[in-house]
Amino acid sequence: MTVLGQVALISAGVMSLGAAIGYARVSPDRPGSLTLPRMLMAVSTTFVVLASAILTALILSHDFSNGYVYGYSDRSLPLHFLLSTFYAGQEGSFLFWILCSSLIAVALSSYTRKRETEAEVMSVFLLVQALLIILAIFKSPFYTIWSMHPELPIGQLPEDGHGLNPLLQNFWMAIHPPILFIGFALMGVPFSQAIGGLWKRRPLLLSEQGLSWTILAVSVLGLGIMLGAYWAYGVLGWGGYWGWDPVENSSLVPWLTATAMIHTLVAQRRTGKYLKTNLALAIASFLFVIYSTFLTRSGILGDASVHAFTDPGATVYWLLLSILVLVAGAGVFFVVWRLGDLKGEPGHPGWLTREAMLAAGAIALVLSAAVVLFGTSLPIFSTTRVEPAFYDSTNLPVAILMALLIGISLSTQWEEQSIGFTVRRMWLAFLAAVLASAVCVGMGMDDVATGALVLTSFFALFVNIEHGAKIITGDPLFLGGKIAHIGLAVFFLGVVGSGTYSSKEQVVMPRGTPVQALGHTLTYTGFNVTPDQKYVLDVRAERAGTSFMLHPVMFDAGQQGIMRNPDIVSHLTSDFYLSPMSLEPPEEGAAPLEFDLQKGQMREVDGVAVTFAGFVMGGHMGEGMSQKEAEAGVGASLLIQKGDQTEAISPRLIPAAEGPHHPGVPSRLLGGDVQLLAMNISMGEGPSTITIGVARAGEHASKPDVLIGEASIKPFISLVWTGTVLMMIGFALAIVKRWRD
């Protein structure tokens, strides 16, 4: 079966390349010349489907003589995870991309055949597909276990496989990667239309036939990106949904440039301008898809990204680089070659026209793509890593501009109009945006730049609602753009709420002891161990007379270390998020006296006055501390007084992979070891607080197991997901409308 799969893959490559050459040789005076390439394409698709079916059969039958099956699956995996191992590794993911491309080729062939552009578009699309198949032949899932895992004795088959990475054993693994690969494959269609049109001296082919395909590619790729964001938020436990990781960014860049192309394609279809712009964006968008693949799978970002695959070897590295250079070179060559044919309509748009707004919006999207591309590529050329704050600060003004342009664009027309006329069309929406922003200021918003994004987002929201209401009684398909822009405005508001105004606090929860955190009372009540040795922790949360249960999970993933899955409870205006950090087992020992202190507060403990003076960073040597402890973690400076005796100590909380350490610092006046158990460093909202423990000799009791976690509140995080859904609905309506037209 393994050999048969490799034969099918090689055959698919030969047939795909033959079909591309056949389409390239089609002559208008020989109508029958399309028969052969169509047949070769069908045979190529058949071989790709056969290879995919063989790999699926090998996985389902647990055939560990196949190296890929051994490396990514095992007998304990349920069916949906077992099927997802198809694309869990580099080899299988290349094959899945080719499968998506082959099926899209069938639909694209039918589409172009009706519009008499089959030869020029399909020759390019199938040539790209042939290059991907060549890559998959060298990085194939159809090698024996002894070829892919030479450390194993030849002829000896293991009883079970390595299994799927525990981080990938999640429901979203069955959905997120396939959608992302379909989006990647769809991005090849506008590229093929652009190159094919230039080749056959039909430069308008992209604008005439590419808009619906571009919207489809953008919607599918965008959905794949946001499903990955939701996966990260709900499973990985770091509290966010977008970390500006280089591999995350590499998928975002082609989405941004293709979204810009949607706007300029609309403008070109109306005005006849932006011909060269759209060709360049079509070529660049697919180039960035290949670049994303290169970054993810060449091993070049192995040290800079948690998502990147390991080094695949020199052959795959150079093949990926060659495809990248070929795509870029083909784009530049054909544009330069046909430059004399690329003459759009002359003239400069007026400043207050729909055309100008679309062009400005496209520029904003390209600027954002350029910023993200720079930060993403920097680790390749430098040891410097770009922090998330760089992306946040540089994209903030771009987002403000986008939202403003969305609002203004619907108040303009294709013809030049006066400022007064434009203001009269949008003043009501702007007033509503000001009032809504004023409410946000009353709720605590005090940052000017954030306020500007909130104001412009509300403006875009209300303008699109107003204009959508006027046409809702007509054809609902005309609402696609309005709904997509409403979704983007809602998304921006969700990003501001969940990102700027979230709060978090580390919580130490001894079993059965209520603990206060972020206005909630949390009580760790115990845990259950599942048959696959996962610790399901039980935490009861209470607030304002209501209670709910949270069940975060921890488990040992072997070489991957301890995996931590958070639990989330969604309310109308916020999410309460609890991520486990460590679980300390019960032990016999001193039962520490625990008490809380605010910064600057003095508290009397058994006749001893204890004052929390402030936090101490690494480098300060306190009494009773080792040099190593003094250089790590964060300490709390305590002033202790009893009568005329005074002492100063600085107990520390030291972060570690297995959970924070709380080394004790001896105190003569308190008569025991003082520990910093927890802290909450204020960022301007309320005082900083700490929890202190004092363990005294001779006071013995059983110490219960302790769950240490991080609680956080994500205000309006639901707007991020609601905005995404609205954008997808808007894209879907726009696709149906364009296909119908």
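Note that the coordinates shown come from a computational prediction; the quantities given were computed from them, not determined experimentally. (Residues numbered from 1 in each chain as written. Predicted model: local features only at pLDDT ≥ 70, side-chain atom pairs only at ≥ 80, totals over all residues. Heavy atoms only, no water.)

Participant: Would you take a moment to explain the overall build of the protein for this structure?
Facilitator: Along the protein, the regular secondary structure elements total 21 helices and 21 strands. Against the compact-globule benchmark of 27 Å for 741 residues, the protein has a radius of gyration of 30 Å, which places it among compact chains. Taken along the three principal axes of its C-alpha coordinates, the protein extends 105 × 80 × 45 Å. Considering the protein as a whole, with its 741 residues, one finds that 54% of them fall into the buried category. Of the contacts formed within the protein by residues at least 6 apart in sequence, a portion of 68% connects residues at least 24 apart. For the protein, the accessible surface area stands at approximately 32,400 Å², while carbon and sulfur atoms represent 63% of it. A distance of 15 Å separates the average location of the 42 positive side-chain charges in the protein from that of its 52 negative side-chain charges. (Helix = DSSP H or I, 4+ residues; strand = E, 2+ residues; numbered from the N terminus. Rg over C-alpha atoms; globule rule 2.2 N^0.38 Å. Buried < 20%, exposed > 50% of the residue type's maximum accessible area, 1.4 Å probe, protein only. Contact = heavy atoms within 4.5 Å. Areas by Shrake-Rupley, 256 points an atom, 1.4 Å probe, with all protein chains shown as cover. Lys, Arg positive; Asp, Glu negative; His and termini not counted. Charge placed at Lys NZ, Arg CZ, Asp CG, Glu CD.)

Participant: How should I be thinking about helix H17 (residues 419-442) in this particular structure?
Facilitator: A turn of α-helix holds 3.6 residues, and therefore any two residues three or four places apart point the same way. Bending of H17 peaks at approximately 50° at the position of Met 426. Looking at H17, one finds that the buried residues are Thr 422, Met 426, Ala 429, Ala 433, Ala 436, Ser 437 and Cys 440. The secondary structure elements touched by the buried residues of H17 are helix H16 (388-409) and helix H18 (448-471). Looking one or two residues beyond H17, the residue adopting positive phi is Gly 444, at roughly 120°. (Bend = angle between axes of the 7 residues up to and from the residue.)

Participant: Just to check I follow, could you spell out the sheet that holds strand E1 (residues 503-510) for this structure?
Facilitator: Pairing between the strands of a sheet is mediated by backbone hydrogen bonds and can be parallel or antiparallel. Read from one edge of the open sheet, four strands run E1-E21-E9-E8, paired in antiparallel fashion. With partners counted over all chains shown, the strands left at the sheet margins are E1 and strand E8 (567-570), one partner each. On average, each strand axis in the sheet is inclined to that of its neighbour by 20°, with strand direction left out of account. Across ten bridges, the pairing between strand E9 (residues 574-584) and strand E21 (residues 706-715) is antiparallel. Pairing of Ser 582 across the sheet is with Ile 708, part of E21. (Pairing = 2+ DSSP bridges. Axes fitted to C-alpha atoms, helices over the stretch in contact; angles between N-to-C directions.)

Participant: How should I be thinking about the pattern of salt bridges in this particular structure?
Facilitator: Any two side chains of opposite charge can pair, on the condition that their charged atoms come close. Summed over the entire model, instances satisfying the criterion amount to nine salt bridges. Its salt-bridge partner being Glu 118, residue Arg 38 comes within 2.6 Å of it at the nearest N-O pair. Within this pair, whereas Arg 38 is found in helix H2 (residues 35-60), its partner Glu 118 is found in helix H6 (residues 118-138), the two being separated by 80 residues in sequence. With its nearest N and O atoms 3.3 Å apart, the salt bridge here joins Lys 273 to Glu 355. Linking Lys 273 in the loop between helix H12 (246-271) and helix H13 (275-297) with Glu 355 in helix H15 (residues 354-381), this pair joins segments that are 82 residues apart in sequence. Each member of the pair, Lys 273 together with Glu 355, is buried. Overlapping salt bridges, with partners in common, bring together Arg 38, Arg 113 and Glu 118 in one network. (Salt bridge = Lys/Arg side-chain N within 4 Å of Asp/Glu carboxyl O.)

Participant: Before we go on, may I ask you to explain the sheet that holds strand E19 (residues 689-695) in this structure?
Facilitator: As summarised here, the arrangement of the four strands in space is E11-E19-E18-E17, forming an open sheet in which the pairing is antiparallel. Two strands bound the open sheet, and with one partner strand each, they are strand E11 (593-598) and strand E17 (665-667). Looking at each pair of strands side by side, their axes are set apart by 35° on average, direction ignored. Bridge count for E17 against strand E18 (residues 672-680) is three bridges, and the pairing is antiparallel. Its bridge partner being in E18, Ser 667 is matched across the sheet by Gly 672.

Participant: Just to check I follow, could you spell out the packing of aromatic side chains for this structure?
Facilitator: Aromatic ring pairs: the centre-centre distance and the angle between the two ring planes describe each pair. Evaluation of the coordinates by the stated rule reveals 30 aromatic pairs. Seen in terms of ring centroids, Tyr 68 and Tyr 72 are 4.8 Å apart; in terms of plane orientation they differ by 40°. Their pairing is tilted. With Tyr 68 and Tyr 72 both in helix H3 (residues 67-72) and four residues apart, this pair spans about one turn of that helix. The exposure class assigned to Tyr 68 is buried, which follows from its relative accessible area of 1%. Ring centres of Phe 612 and Phe 615 lie 5.2 Å apart, and the angle between their planes is 80°; this geometry places the pair in the edge-to-face category. The class for Phe 615 is partly exposed, based on a relative accessible area of 23%. Ring-pair connections join several aromatic residues into one group, and the members of that group are Phe 171, Trp 172, Tyr 230, Tyr 233, Tyr 241, Tyr 577 and Trp 721. The ring of Tyr 111 has Arg 115 lying over it, and the distance from NZ or CZ to the ring centre is 3.7 Å. (Phe/Tyr/Trp six-rings, centres within 6.5 Å; stacked < 30°, edge-to-face > 60°. Lys NZ or Arg CZ within 6 Å of the ring centre and 35° of its normal.)

Participant: Just checking my understanding: could you explain the pairing of E1 for this structure?
Facilitator: Residues in a regular strand point their side chains to alternate faces of the sheet. Taken across its eight residues, E1 has six buried, putting it largely inside the fold. Both E1 and E21 contribute to a ladder of eight bridges, which runs antiparallel. What sits directly across from Glu 505, in E21, is Ala 711.

Participant: What exactly am I supposed to notice about the environment of Thr 271 here?
Facilitator: Relative to the helices and strands, Thr 271 is located in helix H12. Residue class for Thr 271 comes out partly exposed when judged on its relative accessible area of 21%. The spacing of Thr 271 and Lys 737 is 466 residues in sequence and 20 Å in space, taken between C-alpha atoms. Polar side-chain contacts of Thr 271 include one of 3.2 Å to the backbone nitrogen of Lys 273. (Polar contact = N/O pair within 3.5 Å; in protein donor to acceptor, adjacent residues only side chain to side chain.)

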